[in-house]
Amino acid sequence: MKFVSTRNQNFAVTFSEALKKGLAPDGGLFVPEKFPVLDIQSLEALALRENSFASFAAEVLRPFLAGDPLQEFLNDICTSALNFAIPLKKLESHAAILELFHGPTGAFKDVGARFLAACMERLSQANKEKQTVLVATSGDTGGAVAGAFFGKKDFEVFILFPQGKISARQEKQLTCWGGNVRAFAVQGTFDDCQKIVKTALRDEELKAQRQFTSANSISIGRLLPQMIYYAHSSLRYRQQSGRVAGFIVPTGNLGNALAALWAKHLGFPIAKVVLATNANHAIVDYFASGQWRPHSSMTTLANAMDVGDPSNMERLRHLYANLEEMKKEVAAFSVGDEQIKDSIRKGRQRWNETLCPHTATAAFTYEQLSQQNPSQDWILVATAHPAKFESVVEPLIQQTIPIPPELAELLSRPSQMVKIPADFAAFKQAIRGLYSRII
Ligand SMILES: *Cc1c(COP(=O)(O)O)cnc(C)c1O
């Protein structure tokens, strides 16, 4: 199996090479050159067995790693990375919620980050290379990536986050690590952070000093494992209800929703995939006008989705011949802050569920869709633990949210960070300072 650039079918590399490169040399993103044909029936039997999640994951991913040096480690990688619960809970007769937030940092990104780290650790052992992982985060990515790489001796992690634009508990999760993880507080937006990372990955001077790699949602090593929970839950939902559900996915950089679409293209029983965005409206505008006009990001209550220029849009567009084809499988909604608040209150009253502000965008979208068509089944994707956003959620539900033990432990550690202005030169300067101290 080869992965090709969204901009050039002829540029083809294996999974490991795509992992190491992050971006294709032409600036495009890696996508599978084709979707393998899977035996969905036998995968369904596997999915319905107890405690089969990791082996199900290995079976689905095996063709993507065909011919790759990581292939022989795939079972181990899945077992070590996907070692927490991903419950699918029924909400009402035509709706369920898929809780992706039971990993160590309480966000769905733990799945992709832990899989990526497990892959990269095995590659670095094989190649004896030290690597520097660069990650821009609008909140949760940095924590998940830091947690996944923390203490792995062949790696150093640089996290860039927009100062003051993330929740206090999110900031703690980025700055609490020490050791091989360093946090940079950028005086700018998430898009500024992402731009700095993209520039760094192509900077010849930095590349000469270090083997840089990216762990952002552009990394193919995060996208592939995210397909697993869509594949698995789609089969389980159909088995339990006899019907095929669509997914409503809280969307920012489009990595999570894209994985749902890739799972659909693999043949898993998935109806539409609906992108629930916050007030950042580039995707919704695109569906309405056919014009792709990214904008600078706006701050909302669902801050991990504050993205004006979603990096995986290029992959989404690559998946379809044109917008009409895309609309057959995908729809997009924009949800404002007041609607997010309403949905958090209602989620509690109606389902006795505590929703994080991101998940609330999916709940609001579900309400709209179920009014239009009450017989369509939906799985709402819950992307973060609500305890990370207690300052938003607790006043709305008028209750204290219990903090899961792993999260509580992280929050008790001291913080450390380097503050920089929002430009690449400042970042480069700051790293140079670090190097001189390290050397
Ligand atoms: C990152 C994140 C999202 C958005 O996911 P994308 O893959 O960037 O679309 C949604 N909710 C939470 C809690 C997140 O951390």
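Along each chain, residues carry numbers from 1 onward, in the same order as the chain's sequence is written. Reporting in this predicted model follows two pLDDT cut-offs: at least 70 for local features of residues, and 80 or more for side-chain atom pairs to be given and counted; totals over whole chains, interfaces and linings ignore these cut-offs and use all residues. Side-chain figures throughout are based on the complete set of non-hydrogen atoms in the structure, without hydrogens or water.

### What to know about unusual backbone geometry
Line of reasoning, step 1. In this model, L254 sits at a positive phi of 75°, which is unusual for a non-glycine residue.
Line of reasoning, step 2. We count a stretch as a helix when DSSP gives it H or I for four or more residues in a row; a strand needs E for two or more, and each element gets its number in order from the N terminus. Relative to the helices and strands, L254 resides in the loop between strand 10 (245-250) and helix 11 (255-265).
Line of reasoning, step 3. Residue Q398 is not a glycine yet carries a positive backbone phi of 55°.
Line of reasoning, step 4. As for its placement among the helices and strands, Q398 is situated in the loop between helix 17 (390-397) and helix 18 (405-411).

### Quick notes on the pairing of strand 13 (residues 377-382)
Line of reasoning, step 1. Burial analysis of strand 13 places six of its six residues in the buried class, which makes it a mostly covered element.
Line of reasoning, step 2. In short, DSSP must find at least two bridges between two strands for them to pair. Both strand 5 (residues 95-99) and strand 13 contribute to a ladder of five bridges, which runs parallel. Looking across to strand 13, one finds that A95 is bridged to W378.
Line of reasoning, step 3. Pairing of strand 10 with strand 13 involves four bridges; the strand directions are parallel. In the sheet register, I248 faces strand 13, and the bridge partner there is L380. Under the scheme applied here, a residue whose accessible area is under 20% of the maximum for its type counts as buried, over 50% as exposed, and between as partly exposed, the area being computed with a 1.4 Å probe on protein chains only.

### Observations concerning empty space enclosed by the protein
Line of reasoning, step 1. Here a cavity is any set of points on a 1 Å grid over the protein atoms alone where a 1.4 Å probe fits but cannot get out, and a pocket is any open set with protein on both sides within 12 Å along at least 5 of 7 lines; a residue lines the site when it has an atom within 4 Å of a point. Grid points are joined across faces, edges and corners, and a volume is the space filled by probe spheres set on the points. If you walk through the whole model with that rule in mind, you get five cavities of 30 Å³ or more.
Line of reasoning, step 2. Space inside the largest cavity adds up to approximately 270 Å³.
Line of reasoning, step 3. Taken together, 26 residues make up the lining of the largest cavity; nearest its centre are F108, K109, G252, N253 and A304.
Line of reasoning, step 4. At the level of secondary structure, the elements contributing two or more residues to the lining of the largest cavity comprise helix 6 (140-149), helix 8 (190-202), helix 10 (220-241) and helix 11.
Line of reasoning, step 5. Just so you know the grouping, Ala, Val, Leu, Ile, Met, Phe, Trp, Tyr, Cys and Pro go in nonpolar, Asp, Glu, Lys and Arg go in charged, and all remaining residues, Gly too, go in polar. Residues belonging to the lining of the largest cavity are distributed by class as follows: ten nonpolar, 13 polar and three charged.
Line of reasoning, step 6. Taken as a whole, the second largest cavity holds about 80 Å³ of empty space.

### Quick word on the packing of aromatic side chains
Line of reasoning, step 1. Only centres within 6.5 Å qualify two rings of Phe, Tyr or Trp (six-membered ring in Trp) as a pair; their planes then separate them into stacked at under 30 degrees, edge-to-face at over 60, and tilted for everything else. Inspection of every chain in the model, using the stated rule, returns 14 aromatic pairs.
Line of reasoning, step 2. A centroid spacing of 5.2 Å and a plane angle of 75° characterise the contact between F184 and F427, whose relative ring orientation is edge-to-face. Here F427 lies in helix 19 (residues 424-438) and F184 lies in strand 8 (residues 181-187), a separation of 243 residues in the sequence. As far as burial versus exposure is concerned, F184 and F427 are alike and both buried.
Line of reasoning, step 3. Ring plane angle 50° and centroid distance 6.1 Å describe the contact between W351 and Y366, whose orientation is recorded as tilted. Of this pair, W351 sits in helix 15 (residues 337-351) while Y366 sits in helix 16 (residues 357-372); the two residues are 15 residues apart in sequence, bridging distant segments of the chain.
Line of reasoning, step 4. The exposure class of W351 is buried, given its relative accessible area of 12%.

### Considering the site of the ligand
Line of reasoning, step 1. Neighbouring the ligand are 15 residues; K109, D140, G252, N253 and T383 lie closest to it.
Line of reasoning, step 2. At a separation of 3.0 Å, an oxygen atom of the ligand approaches a polar backbone atom of G255.
Line of reasoning, step 3. Each polar contact in these results corresponds to two N or O atoms within 3.5 Å; when the atoms are within protein, one needs to be able to donate a hydrogen and the other to accept it, and residues that are neighboring in sequence are counted only if both atoms are side-chain atoms. In the model, a nitrogen atom of the ligand is placed 2.8 Å from a nitrogen or oxygen of the T383 side chain.
Line of reasoning, step 4. Using a 1.4 Å probe, accessible areas were evaluated by the Shrake-Rupley method; residue-level cover was limited to the displayed protein chains. Protein burial of the ligand: of its 380 Å² of free accessible surface, 98% is covered by the chains. A single heavy atom is enough: if one lies within 4 Å of a molecule or strand, its residue is considered near that molecule or strand.

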